[in-house]
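Next come the chains, spelled out residue by residue.
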Number of protein chains: 4
Amino acid sequence: MNCFGKNIVLTTFGESHSEFIGGVLDGFPSNFSIDFEAINSELQRRKTGNFSFTSQRKENDCAQFISGIFEGKTTGAPIAFLIKNSDAQSADYEELKNIYRNGHADFTYQQKYGIRDYRGGGRASARETAVRVVAGALAKQFLATKGIFIDGFVSQISRCHSREGGNPLKNEVIAGLTRNDNTLTQAMLQEIETAQKNSNSVGGVVSCVIKGVPAGVGEPIYDKLQARLAYAMLSIPAAKGFEYGCGFESAKMLGSEMNDVFVCENGKIQTKTNNCGGILGGISTGGDIVFRVAFKPASSIAQKQQTVDIDGNRQEYKIHGRHDVCFVPRAVPVVEAMAALVVADFIVQ
Amino acid sequence: MNCFGKNIVLTTFGESHSEFIGGVLDGFPSNFSIDFEAINSELQRRKTGNFSFTSQRKENDCAQFISGIFEGKTTGAPIAFLIKNSDAQSADYEELKNIYRNGHADFTYQQKYGIRDYRGGGRASARETAVRVVAGALAKQFLATKGIFIDGFVSQISRCHSREGGNPLKNEVIAGLTRNDNTLTQAMLQEIETAQKNSNSVGGVVSCVIKGVPAGVGEPIYDKLQARLAYAMLSIPAAKGFEYGCGFESAKMLGSEMNDVFVCENGKIQTKTNNCGGILGGISTGGDIVFRVAFKPASSIAQKQQTVDIDGNRQEYKIHGRHDVCFVPRAVPVVEAMAALVVADFIVQ
Amino acid sequence: MNCFGKNIVLTTFGESHSEFIGGVLDGFPSNFSIDFEAINSELQRRKTGNFSFTSQRKENDCAQFISGIFEGKTTGAPIAFLIKNSDAQSADYEELKNIYRNGHADFTYQQKYGIRDYRGGGRASARETAVRVVAGALAKQFLATKGIFIDGFVSQISRCHSREGGNPLKNEVIAGLTRNDNTLTQAMLQEIETAQKNSNSVGGVVSCVIKGVPAGVGEPIYDKLQARLAYAMLSIPAAKGFEYGCGFESAKMLGSEMNDVFVCENGKIQTKTNNCGGILGGISTGGDIVFRVAFKPASSIAQKQQTVDIDGNRQEYKIHGRHDVCFVPRAVPVVEAMAALVVADFIVQ
Amino acid sequence: MNCFGKNIVLTTFGESHSEFIGGVLDGFPSNFSIDFEAINSELQRRKTGNFSFTSQRKENDCAQFISGIFEGKTTGAPIAFLIKNSDAQSADYEELKNIYRNGHADFTYQQKYGIRDYRGGGRASARETAVRVVAGALAKQFLATKGIFIDGFVSQISRCHSREGGNPLKNEVIAGLTRNDNTLTQAMLQEIETAQKNSNSVGGVVSCVIKGVPAGVGEPIYDKLQARLAYAMLSIPAAKGFEYGCGFESAKMLGSEMNDVFVCENGKIQTKTNNCGGILGGISTGGDIVFRVAFKPASSIAQKQQTVDIDGNRQEYKIHGRHDVCFVPRAVPVVEAMAALVVADFIVQ
């Protein structure tokens, strides 16, 4: 199903090479003034071509809103928007028509649906994440009015990372390519350039901090705040893992190290440390919500690869189309958008 | 909300110290013969007291089915079942009534609901996972008729683990405490015993393999198979992270290493390696589905801890009740149960 | 599926001859003091044996709450309850085991599920509505704190009714058998007694008024307030029709007659008349919400009937078990309960 | 919420005077060849201007499909489509900007949302039903491949109707204005013309028959086939009532008259009569599913009407815009479309 959310529901549509991709955002608060500039800024963060190592497809994306907004304000009616697919070069894909590209969804879609729009990955293309960014930008604007802010950054590219031992996630968020500190960013760039030279690709990790969520947000048992975040993050193409707070490191910690001690400061009960990542029992503590998402390297690489065609015959192929050596910096606004949708969904009730 | 699933829906209820915990399983196939022994075996795997380091609360759990089954077969009506809370010692908790225990949901529940059943953690108690195990046991029986089998095992306790480099998850599943190999299990036990001596607790990782899922299972975009698994796993108490296939390791890999090459063997198209963990684009490849879940150490430890009470006054407390030094082995059947519910939900359509 | 509602979700289980019927109410407000007496009073209104013409099955129903309530107050955890099936006489149904009773769900359940619990209609028995009444009683208590009250009454038994021309529904609600005026009630009783003498059954109509819903409640387009009420009412066994406001009479009216003129009285904008039944565009006007539900006569009658058995052979049968000549008075609390669940679901957000 | 359905989900957007209205249909079967001509034929049945008494707004509607279809076949990706609002005359509504039109949703939307797109009723406009017709047309094409066909007709205009006593619904479906017999159609036209002369409007009833649904379709208890149909029909603008089978007439019938006797003909078990309307216990019998939907007269009439403005001041207004004297014939394809969506949703599983 192509819907996301319970109270604020995003429904999306469109393929890599359809005329438009787009979405419908339902349940968004009414009588809310939209900042259209801010939405397009988010799209700029995600677009290709910002760096030499990302796909050279020209996505000068701009959301065209076609309903739900009257004189600049939301009316409570569903907000529909379109993004034009302006630089779709279908011919690039003609030769891959019968090929199952490694690491892509070609084979599994064919198995599920018995048919496949092979142009640019069709519906499975990460092009779809632009729609998430638009909806997330709206959610962020709503959250900002509640004092809630979301910041993601690149915390790892290949073997170069900014996390040590069992410490909680790094909160320094610096603008630029990675939104991380400059020395580290240079080292990360080095990893990417090496991969580019070798006609290869590299993955990485996006970390994210949500500030300002009051205590008491989330649902117990099955619909825990972390469960919804995990669901949201693992829906992003190429995401392979999710952890919050100390995450996988907590498996190595002792109870006495892991437990965050409750204290009362300025009349407010809170935890002194934040190993828990701002969530206990599925519900927010009032502290920062911190989580990390692992991404695999891009499956499309500028090397010859072995595979089979739809008849099972061995084939060799090489991607001539446009692709990313490292898409991780572009994934940051997508991670933020999905986090914004999750939190707004809980908060709007 | 206390419901899980879309086509096969589990609704659960009950607290640590209510008369019963229980569940309602709706949408399960009709005219299906239930193996009640197998259900109770699963409950035995989860129960306390199997090992000296688990809570000594006596949970001789047995599911009492009260509807939906007629002459041993499911009728298509919702299957309701109760599990008696036989060894609930509420008095143990009287002194913790106004205390916010570190690492527990006491504070967040109070913030959300304005009231709290403080006896044994109330609804937030991991006691609730017994209900998941019953429902999961039913799902497993259904899946077995489709040739689908689920096996979990302990792959890490504290710093002792069975995973190297970027290799896919270990598939050797040996019966016993960890369902892992004996040498490793001895080392893991050592970690637990050390923690026990030090009045502390340790966490770990549960790995899980789902065999026999045909290619084409899952949904694209938001309801990807891995997204639902992540949602299910992060709903388990104390889970802090989820990864599938190469998971966080894939962030360090090159595209050429990560990509699984498609081959055709015995007329069946499949991937030669399984770095992807059996899922591409949210949909199963037909290969083994492999994932790992990180668990933090138990928050209840046999040490004095600092905290505050509900008025924000500093307090010191020590847990006298029954608790686990390491609950990770007990989490294995819970992980399997949740995986079974996720896969059955997709397969039953 | 056996769930009802979106924000306050009722999940039910149990069959006519299972040990218990019961339900789980999830999403009900926390920290709310329950009036248990009031719940059992509602069950008394629904039970058999109140009148000579209802089934003589002894249903001295009493809800046993097993979770979600602590020291008399709701905790926010799901509220589970059981009602014992104390006077189930399965033997009565042994001879109907292979018979498809006319007007009942025997045939359709067998077609859908390939199996059937034939004892007393199994899951399809109207016994299940007792669970709705309990949940509805809780919803009513919540609504009362918001100044919302729901009153149903019998407005028609067979050809004897209390509605003329295109007038809106009658609001006089008098206690007793029908909660309608005495003269009319006598005439209705006469209809029932005649049917009883003739070993037959009669149907009727239940009218219902919801007072105190503020303007602005409901959803536009697909989830209109009237659409949810219709969905709720048509889920009641034996319900054959639903109308609100002028209902089917409005098909005969002119626009100038039908339109309710807006006026401003005491500073409050409202409609002068209420032909619309308190809803415009799917959303409440602030006026009384009025609707009617048609019920067919009971299918079980004390006459020989022709039918076929599961092999298609012609058979003759006569119901020896306990059944209602007219269940319409017993349907009033069920209609109210479902209305309460619908409105509470919208209001609780 | 602006979504409809569970397995086949229609999400819609757009207002009377937005640039487009449109929808996203998710969950539709893949690899299905679409007949685009047939879709536009359905839109023609619904459009204004077919008769002298319908609104003269020019809706030469044509659905533009923008995703989910590749080389004429569905791919399993969501099917998005747009319909241009070509003849929207916003200026007509400027003077009604602050007026609450009687019988319309102006007041209730303002109460719910605190803002209102006053142009042509905004989101509450029946213009939105064109989107339902497109989605319904797709559902009909799918159902036709399963041998399921849906036919609606006008069975009542004002006091002129085609139904007598307790007989089941009339099945004669004749093409033309009402799809009913000619004599009756002439009499209905007479009712409409009289209303037109008097600057008034008239309502009516649409009857509908669904043929070919096999026995066993539907869900028990809350999600009964008739409950979903009622929910769907009461979501149509101006619908005031729903009944199936003998409907409200069944309240007057005796059990012995109402019960449909089971027989076995040509090896197939079925009911001899169809008073039940093709559904027992919420599940289809295999017989025709027959139901009726009552519509109130159009609220916009060519007469002066009293009302209040948003400040509560008394105002007089007269609609100068385009409106229908009787929209009931135009409602027939909408009723069919919603029925198709309901049945397809059950069948597709």
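Residues numbered from 1 in each chain as written. Chains lettered and ligands numbered in written order. Predicted model: local features only at pLDDT ≥ 70, side-chain atom pairs only at ≥ 80, totals over all residues. Heavy atoms only, no water.

1. Section: the overall build of chain A
- Looking only at helices and strands, one finds 7 helices and 18 strands in chain A.
- Its C-alpha radius of gyration of 21 Å places chain A within 12% of the 20 Å reference for a compact globule of 349 residues.
- When its C-alpha atoms are laid out on the principal axes, chain A stretches across 65 × 50 × 35 Å.
- The long-range fraction of contacts in chain A, counting pairs at least 24 apart against all pairs at least 6 apart in sequence, stands at 72%.
- For chain A, the accessible area works out to roughly 11200 Å², and carbon and sulfur atoms hold 46% of it. (Helix = DSSP H or I, 4+ residues; strand = E, 2+ residues; numbered from the N terminus. Rg over C-alpha atoms; globule rule 2.2 N^0.38 Å. Contact = heavy atoms within 4.5 Å. Areas by Shrake-Rupley, 256 points an atom, 1.4 Å probe, with all protein chains shown as cover.)

2. Structural notes on helix α1 (residues 36–46) of chain B
Residues and elements named next belong to chain B.
- Here α1 has its buried residues at I39, N40, E42, L43 and R46. One side of α1 carries all its buried residues, which in axial view fall inside an arc of 150°.
- Tucked into the core, α1 has its buried residues touching β4 (64–67), β7 (79–84), α3 (129–144) and α7 (328–347).
- For α1, the N-terminal capping position is held by D35, with its side-chain oxygen 3.1 Å away from the main-chain nitrogen of E37. (Buried < 20%, exposed > 50% of the residue type's maximum accessible area, 1.4 Å probe, protein only. Arc of directions from axis to C-beta. Polar contact = N/O pair within 3.5 Å; in protein donor to acceptor, adjacent residues only side chain to side chain.)

3. Comments concerning the interface of chain B and chain A
- Each side of the interface is counted separately: chain B has 95 residues, and chain A has 95 residues.
- Where chain B touches chain A, the interface holds 2 salt bridges.
- Residues E219 of chain A and K112 of chain B are paired through a salt bridge, measuring 3.5 Å at the closest nitrogen-oxygen approach.
- Counting the contacts that link chain B with chain A gives 35 residue pairs in polar contact (both at pLDDT 80 or more).
- Tallied by class, the residues present in the side of chain B that touches chain A amount to 45 nonpolar, 33 polar and 17 charged. (Salt bridge = Lys/Arg side-chain N within 4 Å of Asp/Glu carboxyl O. Nonpolar A, V, L, I, M, F, W, Y, C, P; charged D, E, K, R; others polar.)

4. As for the packing of aromatic side chains
- All told, the structure shown has 60 aromatic pairs over all chains when counted by the stated rule.
- Ring centres of F28 of chain B and F32 of chain B lie 5.4 Å apart, and the angle between their planes is 90°; on these two criteria the pair is classed as edge-to-face. This pair shows no difference in class: F28 of chain B is buried, exactly as F32 of chain B is.
- Through a chain of ring-to-ring contacts, the aromatic side chains of F4, Y222 and Y231 of chain A together with F4, Y222 and Y231 of chain B assemble into a single cluster.
- When the ring centre of F346 of chain C is taken as origin, the NZ or CZ atom of R228 of chain C, which lies over that ring, is 4.2 Å away. (Phe/Tyr/Trp six-rings, centres within 6.5 Å; stacked < 30°, edge-to-face > 60°. Lys NZ or Arg CZ within 6 Å of the ring centre and 35° of its normal.)

5. Topic: the state of the cysteines
- In the structure shown here, the tally under the stated rule is 0 disulfides over all chains.
- Free of any disulfide, C276 of chain D has its nearest cysteine sulfur in C246 of chain D, 8.8 Å distant. (Disulfide = S-S within 2.5 Å.)

6. A look at the relation of the copies chain B and chain A
- Each copy superposes on the other: chain B lies on chain A with an RMSD of 0.0 Å after a rotation of 180° and an axial shift of 0.0 Å. Taken together, the rotation and translation relating the two chain copies correspond to the operation of a two-fold axis.
- Interface overlap between copies is the fraction of interface residues in one copy that are interface residues in the other; for chain B against chain A it reaches 100%, indicating a shared surface. (Least-squares fit on C-alpha atoms with pLDDT ≥ 70 in both.)

7. Some remarks on the side chain of E15 of chain D
- Its location among the elements puts E15 of chain D in the loop between β2 (9–13) and β3 (20–26).
- Despite being buried, E15 of chain D has no salt bridge partner; R119 of chain D is the closest side chain of opposite charge, sitting 5.0 Å away.
- Residues in contact with E15 of chain D, not counting those within four places in the same chain, are S67, G68, A77 and P78 of chain A together with F20, I21, N85, D117, G122 and R123 of chain D. (Lys, Arg positive; Asp, Glu negative; His and termini not counted.)

8. What to know about the packing of helix α1 (residues 36–46) of chain D against helix α7 (residues 328–347) of chain D
Residues and elements named next belong to chain D.
- Interaxial distance between α1 and α7 falls to 7 Å at its minimum, and their mutual angle equals 140°. Here α1 lies oblique to α7, going by the angle between them. Contacts from E42, R45 and R46 of α1 reach α7 at R330, V332, P333, V334 and E336.
- Taken together, the residues of the contact of α1 with α7 sort by class into 3 nonpolar, no polar and 5 charged. (Axes fitted to C-alpha atoms, helices over the stretch in contact; angles between N-to-C directions. Parallel < 35°, antiparallel > 145°, perpendicular 65-115°, else oblique.)

9. Observations concerning the pattern of salt bridges
All names here are of chain A.
- Counted according to the given criterion, the structure contains 80 salt bridges over all chains.
- Between R101 and D106 there is a salt bridge whose closest N-O contact spans 2.8 Å.
- The closest approach of N and O atoms between R228 and D345, which form a salt bridge, is 2.9 Å. Separated by 117 residues along the polypeptide, R228 in helix α5 (residues 225–233) and D345 in helix α7 (residues 328–347) bring together distant segments of the chain. The exposure classification of R228 matches that of D345, with both residues buried.

10. Structural notes on the relation of the copies chain D and chain C
- For these two chains of identical sequence, chain D goes onto chain C by a turn of 180° and a shift of 0.0 Å along the axis, with RMSD 0.0 Å.
- The residues that chain D uses at the interface reappear at the interface of chain C in 100% of cases, marking a shared surface.

11. Structural notes on the sheet that holds strand β8 (residues 149–157) of chain B
- What the 10 strands build is an open sheet, ordered β9(A)-β8(A)-β10(A)-β16(A)-β11(A)-β11(B)-β16(B)-β10(B)-β8(B)-β9(B); its pairing is antiparallel. At either margin of the open sheet sits one strand with a lone partner, and together these are β9 (160–161) of chain A together with β9 (160–161) of chain B.
- Where strand β10 (residues 204–211) of chain B lies against strand β16 (residues 289–295) of chain B, 7 bridges are found, and the strand directions are antiparallel. Each residue of the ladder has a partner; that of S207 of chain B, found in β16 of chain B, is R292 of chain B.
- Along the sheet face, helix α5 (residues 225–234) of chain B touches β11 (239–244) of chain A together with β10, β11 (239–244) and β16 of chain B and points at about 160° away from the line of β11 of chain B. (Pairing = 2+ DSSP bridges.)

12. Let's talk about the confidence of the model for chain A
Residue and element names in this part refer to chain A.
- Averaged over chain A, the pLDDT score is 92; the fraction of residues at 70 or greater is 92%.
- In this model, residues 164–175 is a region of pLDDT below 50 whose contacts with residues beyond four sequence positions or in other chains number 29 contacts.
- Interface confidence for the predicted complex, expressed as ipTM, amounts to 0.95; the pTM equals 0.96. (pLDDT = per-residue confidence, 0-100.)

13. Points about α7 of chain B
- In this model α7 of chain B runs 28 Å from its N-terminal to its C-terminal C-alpha over 20 residues, within 8% of the 28 Å that 1.5 Å per residue would give.
- With respect to burial, α7 of chain B is a largely interior element, 20 of its 20 residues being buried. (Expected span 1.5 Å × (residues − 1).)

14. Concerning the nonpolar core
- In terms of nonpolar packing, the biggest core is built from 170 residues, with L229, M233 and F291 of chain C together with M233 and F291 of chain D touching the most fellow members.
- Apart from the residues lying within four places of it in its own chain, the contact partners of M233 of chain C are A239, F242, F291, V293, V335, M338 and A339 of chain C.
- The next biggest cluster of nonpolar side chains, apart from the first, holds 169 residues, and it includes I69, Y109, I221 and A227 of chain B. (Core = buried A, V, L, I, M, F, W, Y, C linked by side-chain atoms within 4.5 Å.)

15. Concerning unusual backbone geometry
- Although it is not a glycine, S158 of chain A adopts a positive phi angle of roughly 50°.
- Looking at the secondary structure, you find S158 of chain A in the loop between β8 (149–157) and β9.
- Here S158 of chain A falls in the buried class, since its relative accessible area comes to 4%.
- Unusually for a residue other than glycine, S199 of chain B sits at a positive phi of about 55°.
- Tracing the backbone shows S199 of chain B in the loop between α4 (182–197) and β10.
- The class for S199 of chain B is partly exposed, based on a relative accessible area of 26%.

16. Some words on the packing of α1 of chain B against α3 of chain B
Residues and elements named next belong to chain B.
- It is the contact of α1 with α3, at a shortest axis distance of 9 Å, that shows an interaxial angle of 140°. Classified by the angle between their axes, α1 and α3 sit oblique to one another. Crossing of α1 against α3: the hand is right-handed. Contacts between α1 and α3 involve A38, I39, E42, L43, R45 and R46 on the former and, on the latter, T129, A130, V133, V134, A137, L138, K140 and Q141.
- Residues belonging to the contact of α1 with α3 are distributed by class as follows: 8 nonpolar, 2 polar and 4 charged. (Left-handed = near helix turned anticlockwise from the far one by under 90°.)

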